[in-house]
Amino acid sequence: MSDPLPLMKDLPRAKIPTGEPFVLASGSPRRAELLRQAGYEFEVCPAADFAECPVDFPETASEMVARLAFQKAVEVARRRKGCFLLAADTLADCQGKILGKPTDRQHAEDMLRLLSGSEHDVYTGVCLWSTGTDRCYLDVVRSRLKMDSLSEETIEQYLAGGRWEGKAGGFGYQDGNDWIHVVENDSESNIVGLPMERLAELLEKFDSLADKVYKSVR
Ligand SMILES: Cc1cn([C@H]2C[C@H](O)[C@@H](COP(=O)(O)OP(=O)(O)OP(=O)(O)O)O2)c(=O)[nH]c1=O
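Rules used throughout
- Residues numbered from 1 in each chain as written.
- Predicted model: local features only at pLDDT ≥ 70, side-chain atom pairs only at ≥ 80, totals over all residues.
- Heavy atoms only, no water.
- Helix = DSSP H or I, 4+ residues; strand = E, 2+ residues; numbered from the N terminus.
- Rg over C-alpha atoms; globule rule 2.2 N^0.38 Å.
- Buried < 20%, exposed > 50% of the residue type's maximum accessible area, 1.4 Å probe, protein only.
- Near = heavy atom within 4 Å.
- Polar contact = N/O pair within 3.5 Å; in protein donor to acceptor, adjacent residues only side chain to side chain.
- Areas by Shrake-Rupley, 256 points an atom, 1.4 Å probe, with all protein chains shown as cover.
- UniProt positions renumbered as here; feature names shortened; annotations may be inferred.
- Contact = heavy atoms within 4.5 Å.
- Pairing = 2+ DSSP bridges.

A. Highlighting the overall build of the protein chain. Within the protein chain, the secondary structure is distributed over 6 helices and 8 strands. Computed over the C-alpha atoms, the radius of gyration of the protein chain is 17 Å, within 12% of the 17 Å expected from 2.2 N^0.38 for a compact globule of 218 residues. Principal-axis analysis of the C-alpha atoms places the extent of the protein chain at approximately 55 × 40 × 30 Å. Among the 218 residues that make up the protein chain, the fraction classed as buried is 51%.

Right under this line is the structure:
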């Protein structure tokens, strides 16, 4: 379900460091809306679904969002030359269980029941990549949330509204629910898919932070 993102006040914006066209390598309507609200000019070029392929080795939620953001950037960088790419990935982590987007309503319900009454973390991985100069930087931002214990009625109502679709952890912080609270790092934009404050910092410092994507072999 596509629902409008409430207006977020005072979202920061920074210059694209290389002057290349800015490309959002994501199909997330929330990420595009956040960039628009901050006043960025950009094109949208989502990564193919296979960029989110699963792997069979242990990794933390933080490692996984960094890897997936990088994979999405790699996939788009192959096709879109001479641009400044931004790719991202968002996951929730509750007691060591990593929660991505629910595959169906039952999956969303299972996630909500797991999160109900607990604290959990939301991680967003951000990959910035200047394809013209072949320099890249990866970062991860974490926010901690607490969900009240949800009644059967609340779970049923929320699932019936369909707003769980396409959202990591099966719920949207932005949906105006009074049962979800920020405990640490109140970057609301991070929770909904793109840490706008960190993005502006990374753009400002990109020239000193970023490194060649591959140093020796390409
Ligand atoms: C935790 C949380 C996530 N989300 C969203 C942000 C992301 O769009 C989505 C996580 O899925 P992602 O795989 O990070 O992104 P996406 O599939 O929407 O887009 P793409 O893969 O093309 O980049 O969950 C919310 O909207 N609200 C929330 O509270």
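B. Examining the site of the ligand more closely. As a structural note, the neighbourhood of the ligand is formed by 21 residues, with Ser26, Gly27, Arg31, Lys101 and Tyr173 the closest of them. In this structure, Glu52 approaches the ligand through a side-chain N or O atom, which is 3.2 Å from an oxygen atom. Take Gly166: an N or O atom from its main chain is 3.4 Å from an oxygen atom of the ligand. Here the ligand has 600 Å² of accessible area as a free molecule, and 94% of this is covered by the chains. Of all the elements in the fold, those that place two or more residues in the shell around the ligand are helix H1 (29-38) and strand S3 (84-94).

C. Spotlight on the UniProt feature "site: Important for substrate specificity" (unreviewed entry) in the protein chain. In the numbering adopted here, UniProt assigns the feature "site: Important for substrate specificity" (unreviewed entry) to Arg30, Thr90 and Gln174. These annotated residues cover 145 residues of sequence, and their C-alpha atoms all fall within 14.4 Å of one another, placing them together at a single site. Relative to the helices and strands, Thr90 is located in strand S3. Of the residues examined, Thr90 reaches a relative accessible area of 15% and is grouped as buried. Sequence-distant contacts of Thr90, that is, excluding residues within four places in its chain, are made with Arg31, Val65, Val122, Tyr123, Thr124, Ala168, Ile191 and Gly193. For Thr90, the side chain forms a polar contact with the side chain of Arg31, separated by 3.0 Å. With respect to the helices and strands, Gln174 occurs in the loop between helix H4 (152-161) and strand S7 (180-184). Exposure remark for Gln174: the relative accessible area of 13% places this residue in the buried category. What Gln174 contacts, discounting residues up to four positions off in sequence, is Leu5, Pro6, Arg30, Lys167 and Val192.

D. Representation of the pairing of S3 within the structure. Across the 11 residues of S3, 11 count as buried, placing the element largely inside the fold. Here S3 shows no split at all, with Phe84, Leu86, Ala88, Thr90, Ala92 and Cys94 on one side and Leu85, Ala87, Asp89, Leu91 and Asp93 on the other all buried. In this structure, strand S1 (residues 22-24) lies alongside S3, joined through 3 bridges in parallel fashion. Across the sheet, the residue bridging to Leu24 is Leu86, located in S3. Sheet topology places S3 next to strand S5 (residues 119-130); 10 bridges connect them, and they run antiparallel. Across the sheet, residue Thr90 finds its bridge partner in S5, namely Thr124. Across 3 bridges, the pairing between S3 and strand S4 (residues 97-99) is antiparallel. Among the inter-strand pairings, Asp93 is bridged to a residue of S4, identified as Ile98. Between S3 and S4, which pair antiparallel in sequence order, lie 2 residues; one of them, Gln95, sits at a positive phi of approximately 50°.

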